[in-house]
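Structural characterization, general
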Amino acid sequence: MKGKSILLALSGSQQSRYATEVCWDLAPRLGATITAHHVVDSHSAWEFLGHNQPGFLKSERYLNAYQSLCKSLFCLGEELAESYTSEAKKRSVDDVCIVDEGCPTEEICKRALNHKLVVIGHKPFQSSAEKSEASQLQTNSPLDIDPSHCGGKFMRLSIAEALCRDCPRPLMIVQDQCPGWTSMTIIISMDHINEIFINSCLDMAAVLGLPPVLL
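1. Regarding the sheet that holds strand S1 (residues 5–9)
Read from one edge to the other, the open sheet built from 5 strands follows the order S3-S2-S1-S4-S5, with strand pairing classed as parallel. Edge strands, defined here as strands with exactly one partner in the open sheet, are strand S3 (95–101) and strand S5 (171–174). Taking each pair of neighbouring strands and ignoring which way they run, the sheet shows an average axis angle of 25 degrees. Along the sheet face, helix H3 (residues 59–88) touches S1, strand S2 (33–40) and S3 and points at about 175 degrees away from the line of S3.

2. Details of the layout of surface pockets
Quantified by volume, the second largest pocket comes out at close to 490 Å³. Lining the second largest pocket are 20 residues, and of these Pro170, Phe197, Ser200, Cys201 and Met204 lie nearest its centre. Among the elements of the structure, S5, strand S6 (184–186) and helix H7 (195–208) are those that each provide at least two residues to the lining of the second largest pocket. Of the residues forming the lining of the second largest pocket, the biggest block, 6 residues, is contributed by H7.

3. Topic: the environment of Gly31
For Gly31, the position within the fold is in the loop between helix H1 (14–30) and S2. Overall, the relative accessible area of 42% leaves Gly31 in the partly exposed class. In sequence terms Gly31 and Val93 are 62 residues apart; their C-alpha atoms lie 9.2 Å from each other.

4. Observations concerning the packing of aromatic side chains
One pass over the structure, following the stated rule, counts 1 aromatic pair. Taking 5.7 Å as the distance between ring centres and 25 degrees as the angle between the ring planes, the aromatic pair formed by Trp24 and Tyr84 counts as stacked. Of this pair, Trp24 sits in helix H1 while Tyr84 sits in helix H3, and the two are 60 residues apart along the sequence. You'll find Trp24 and Tyr84 in the same group, each marked buried.

5. A look at helix H2 (residues 42–49)
Looking at H2, one finds that the buried residues are Ser42, Ser44, Ala45 and Leu49. Along H2, the residues classed as buried sweep out an arc of 160 degrees about the axis, all on the same side. Each element contacted by the buried residues of H2 is listed here: S2, H3 and S3.

6. Considering the nonpolar core
Judged by nonpolar contacts, the single largest core of 29 residues is most densely connected at Leu8, Leu26, Ile34, Tyr84, Val119 and Met172. For this core, the element with the highest residue contribution is H1, accounting for 8 residues. In this view, Leu8 contacts Ala19, Thr20, Cys23, Ile34, Thr35, Ala36, His37, Tyr84 and Val119; residues no more than four positions away in its chain are not counted. Ranked by size, the runner-up nonpolar core spans 11 residues in total, among them Ile108, Ala112, Leu163 and Cys167.

7. Considerations on the environment of Asn114
Turning to its location among the elements, Asn114 is positioned in the loop between helix H4 (104–112) and strand S4 (117–121). The exposure class of Asn114 is exposed, given its relative accessible area of 65%. Once the C-alpha coordinates of Asn114 and Ile6 are considered, the two residues, 108 residues apart in sequence, prove to be 9.3 Å apart.

8. Looking at the side chain of His122
Structurally, the position occupied by His122 is in the loop between S4 and helix H5 (128–137). The residues touching His122, leaving out its near neighbours within four places in the chain, are Gln15, Ser158, Ala160, Glu161, Ile173, Val174 and Gln175.

9. Focus: the packing of H4 against helix H6 (residues 159–166)
Interaxial distance between H4 and H6 falls to 10 Å at its minimum, and their mutual angle equals 50 degrees. If you check the angle between H4 and H6, you find them oblique. The interaxial crossing formed by H4 with H6 has right-handed handedness. Facing H4, whose interface residues are Pro104, Thr105, Ile108 and Cys109, H6 presents Ile159, Ala162, Leu163 and Asp166. Looking at side-chain class alone, the contact of H4 with H6 contains 6 nonpolar, 1 polar and 1 charged residues.

Calculation notes
Residues numbered from 1 in each chain as written. Predicted model: local features only at pLDDT ≥ 70, side-chain atom pairs only at ≥ 80, totals over all residues. Heavy atoms only, no water. Pairing = 2+ DSSP bridges. Helix = DSSP H or I, 4+ residues; strand = E, 2+ residues; numbered from the N terminus. Axes fitted to C-alpha atoms, helices over the stretch in contact; angles between N-to-C directions. Contact = heavy atoms within 4.5 Å. 1 Å grid on protein atoms, 1.4 Å probe; cavity = no way out; pocket = protein on both sides within 12 Å on 5 of 7 lines; lining within 4 Å. Points joined across faces, edges and corners; volume = space filled by probe spheres on them. Buried < 20%, exposed > 50% of the residue type's maximum accessible area, 1.4 Å probe, protein only. Phe/Tyr/Trp six-rings, centres within 6.5 Å; stacked < 30°, edge-to-face > 60°. Arc of directions from axis to C-beta. Core = buried A, V, L, I, M, F, W, Y, C linked by side-chain atoms within 4.5 Å. Parallel < 35°, antiparallel > 145°, perpendicular 65-115°, else oblique. Left-handed = near helix turned anticlockwise from the far one by under 90°. Nonpolar A, V, L, I, M, F, W, Y, C, P; charged D, E, K, R; others polar.

Put into structure tokens, the structure is as follows:
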């Protein structure tokens, strides 16, 4: 992994901030550069607003709304990139920030081919009891809606979950703040021993100076 690049899937979430902190910590140890990558999700925006056949309104009304939404998303993406770049300058890390447009999973997978490791933040699943407890502590905003309860075409995997299936490179998912690691446990199945996976884990353990345990 020495001299290679880490691809950071960047978004505005708290979990993405945690993932960024992990990358900033790892890069100097690995001798790696960081490519922060934000994707403007025009794919989902069109699924939300687009209609192949007009109903009560003309298609151009939805097209105009789609273009306006994408413009707003691009503005947010540029602000996010500027904010990331500003804070990254305070770190002694060689990095660059890129903003793409399209389906996030597809665009991340394309960029991943030129990197050694992909890192993404992911909001952990909350049970009904945990959600009920959290709702007593704070008032939910419109942005806290769980898409799995919305039905229809928006019942989908998260980007991190989709990358678990499609990502062509090793994927690290960060769900919370990560203290410095003191050990590494490598979990494998005797039914399918992946030598590339094991060697990659041992390589990272050696670089980080961690004692690996094979389970």
